[in-house]
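# Structural overview for review
Take a look at the letters that make up each chain.
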Amino acid sequence: MKNKKLIKRFIPTVVIGGLVISSLPVYVFASDGEEINMNINVNNNDVDGNENNNGGTDMNINVNGDNVNDNRDEMNNNVNDNNIVDVVYNEESKYFEGLGLRFRIAGDEAKIIGPTRFGESGYNANLKVVNVSKVRLYDKEYVVTVIGDYAFEGCENLEEVIIPNSVETIGRGAFYGCKGLKEVTIPTSVTEIGDHAFYRCTGLTEVTIPSSVETIGDSAFYLCTELKEVIMQYGVKTIGGEAFYSCTGLPKVIIPSSVETIGDHAFYDCRRLKEV
């Protein structure tokens with residue numbers, strides 16, 4: 001059986017029984033390779049405000065199932081120009097989803113749960129860039145404040161993460177095993193980097209820990225073997241146990257005077273480390 005895809009389209013203005021409805025969402029389902037034609041007849045003026053001589057507006061919506069957000073390479077560009085993701089609620093997963101990512105919404109805030117799954121193939125293997133600041137449900141926007149525990153675990157092709165200046169917590173194991181991750185930008189809004197957050201991110205070469213971060217969790221950068229530069233700004237108070245364990249390429253670390261606690265084996269097996 002072919003998988004059905006839910007496609008959302010908006011009609012700018014619709015008049016039904018004298019009631020004006022703006023941005024009416026229209027949902028259609030399309031299977032792979034299936035084209036759907038929808039004819040919508042509304043009032044005397046068409047959606048561009050032009051008079052329709054036949055007394056109504058005929059709108060054709062053509063959907064080709066092959067081209068509806070199913071090209072997984074396109075999911076690498078999974079946000080619009082303002083880094084806002086439009087989401088809908090998925091009854092099956094029980095999460096809000098938009099263009100390859102899942103979210104949980106509470107109050108005015110959103111939490112990144114991780115990428116969507118594709119059957120037995122697991123996480124979205126083609127996800128390469130994450131740059132999301134807000135999610136939008138209907139006309140309301142929600143600010144991303146948390147990257148959830150193990151959100152991107154095993155996304156081995158993920159290359160770049162731009163964390164918005166609204167995120168306060170990078171969860172436990174958030175980027176666990178993201179071997180292709182080469183660049184991550186941690187903003188000054190982040191106060192905590194969770195345990196195992198960047199565990200075995202073997203492609204990561206440098207990281208700056210901003211002054212807002214008070215705690216670097218246990219094993220946060222464990223086995224980041226290509227890490228060449230770590231810049232910790234004044235404000236960091238705790239470096240967790242095994243935080244930089246086996247960062248075998250790390251030659252130098254400057255620890256600010258704000259640090260009060262360094263956990264056991266924080267820099268164990270950093271073979272090239274000559275200066276701390």
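Being a predicted model, the structure only gives us computed values, none of them experimental. (Residues numbered from 1 in each chain as written. Predicted model: local features only at pLDDT ≥ 70, side-chain atom pairs only at ≥ 80, totals over all residues. Heavy atoms only, no water.)

### Digging into the packing of aromatic side chains
Rules: The pairing test for Phe, Tyr and Trp rings, Trp by its six-membered ring, is centres within 6.5 Å, and the orientation test on the planes gives stacked under 30 degrees, edge-to-face over 60, and tilted for anything in between. Here, a charge over a ring is recorded when the distance from Lys NZ or Arg CZ to the ring centre is within 6 Å and its angle to the ring normal is within 35 degrees.
The final tally for this structure, using the stated rule, is eleven aromatic pairs. Through pairs of rings, three or more aromatic residues link up here, namely Y150, Y176, Y199, Y222, Y245 and Y268. One cation-aromatic arrangement involves K140 over Y142; the distance from NZ or CZ to the ring centre is 5.3 Å.

### Re the sheet that holds strand 10 (residues 129–130)
Here is the rule: DSSP-based pairing: two strands are paired if at least 2 bridges between them are found. Each helix is a run of H or I in the DSSP string that is no shorter than four residues. Each strand is a run of E no shorter than two, and both are numbered from the N terminus.
Strand order in the open sheet formed by three strands is 10-13-15, and the pairing between neighbours is parallel. Two strands bound the open sheet, and with one partner strand each, they are strand 10 and strand 15 (183–185). Strand direction decides the pairing type here: strand 10 and strand 13 (residues 160–162), joined by two bridges, are parallel. Residue V129 lies in a different strand from strand 13, and its bridge partner there is E160.

### Regarding the confidence of the model for the protein
Detail in the predicted coordinates should be disregarded across regions flagged by low pLDDT. Our working rule: A score between 0 and 100, pLDDT records how confident the predictor is in each residue. We call two residues in contact whenever any of their non-hydrogen atoms come within 4.5 Å of each other.
Chain-level pLDDT for the protein is 78 on average; 67% of the residues reach the 70-or-more range. Across residues 1–79, where pLDDT falls below 50, the model places 143 contacts with residues more than four positions away in sequence or in other chains.

### Digging into the sheet that holds strand 21 (residues 253–254)
The three strands are arranged 17-19-21 in an open sheet whose pairing can be described as parallel. In this open sheet, the two strands that pair with only one neighbour each are strand 17 (206–209) and strand 21. Across two bridges, strand 19 (residues 229–232) lies against strand 21 in parallel orientation. Bridging across to strand 21, V230 finds its partner in V253.

### Some remarks on the pattern of salt bridges
Operational definition: Any carboxyl oxygen of Asp or Glu that lies within 4 Å of a side-chain nitrogen of Lys or Arg is treated as forming a salt bridge with it. Each residue gets one of three labels from its accessible area relative to the maximum for its type: buried under 20%, exposed over 50%, partly exposed in between, using a 1.4 Å probe on protein chains only.
The tally for this structure, following the rule as stated, stands at nine salt bridges. For E97, the salt bridge identified is with R102, shortest N-O distance 2.7 Å. Note on accessibility: E97 and R102 belong to one class, buried. Here R136 makes a salt bridge to E141, at a shortest N to O gap of 3.6 Å. Exposure remark for R136: the relative accessible area of 22% places this residue in the partly exposed category.

### Quick notes on unusual backbone geometry
In this structure, Y150 is a non-glycine residue whose phi angle is positive, near 55 degrees. Looking at the element boundaries, Y150 is found in the loop between strand 12 (140–147) and strand 13. Assessed through its relative accessible area of 28%, Y150 is described here as partly exposed.

### Comments concerning the nonpolar core
Going by this rule: Here, the term nonpolar core denotes a set of buried Ala, Val, Leu, Ile, Met, Phe, Trp, Tyr and Cys residues that are joined through side-chain atoms within 4.5 Å.
Ranked by size, the top nonpolar core spans 57 residues in total, and within it F152 and F175 carry the most contacts. Those elements giving two or more residues to this core turn out to be strand 8 (101–106), strand 9 (109–115), strand 11 (134–137), strand 12, strand 17 and strand 19. Setting aside chain neighbours within four positions, we find F152 in contact with L101, I112, P115, L127, V130, I147, L158, A174, F175, Y176 and C178.

### Remarks on the environment of G217
Inspection of the secondary structure puts G217 in the loop between strand 18 (215–216) and strand 19. Here the alpha-carbon distance between G217 and A243, two residues 26 residues apart in the chain, equals 6.5 Å. Apart from residues lying up to four places away in sequence, G217 is in contact with I193, G194, D195, G240 and A243.

### Here we look at the environment of L227
Structurally, the position occupied by L227 is in the loop between strand 18 and strand 19. On the accessibility criterion, L227 (0% relative accessible area) is buried. In this structure, the C-alpha to C-alpha distance between L227 and G203, residues 24 residues apart in sequence, is 7.7 Å.

### Side note on the state of the cysteines
Under the convention used in this document: When two cysteine sulfur atoms lie within 2.5 Å, the pair is treated as a disulfide.
For the coordinates displayed, the defined rule picks out zero disulfides. With no disulfide partner, C201 has as its closest neighbouring cysteine sulfur the one in C178, 5.2 Å distant. C270 takes part in no disulfide bond, and the closest cysteine sulfur to it belongs to C247, at a distance of 5.1 Å.

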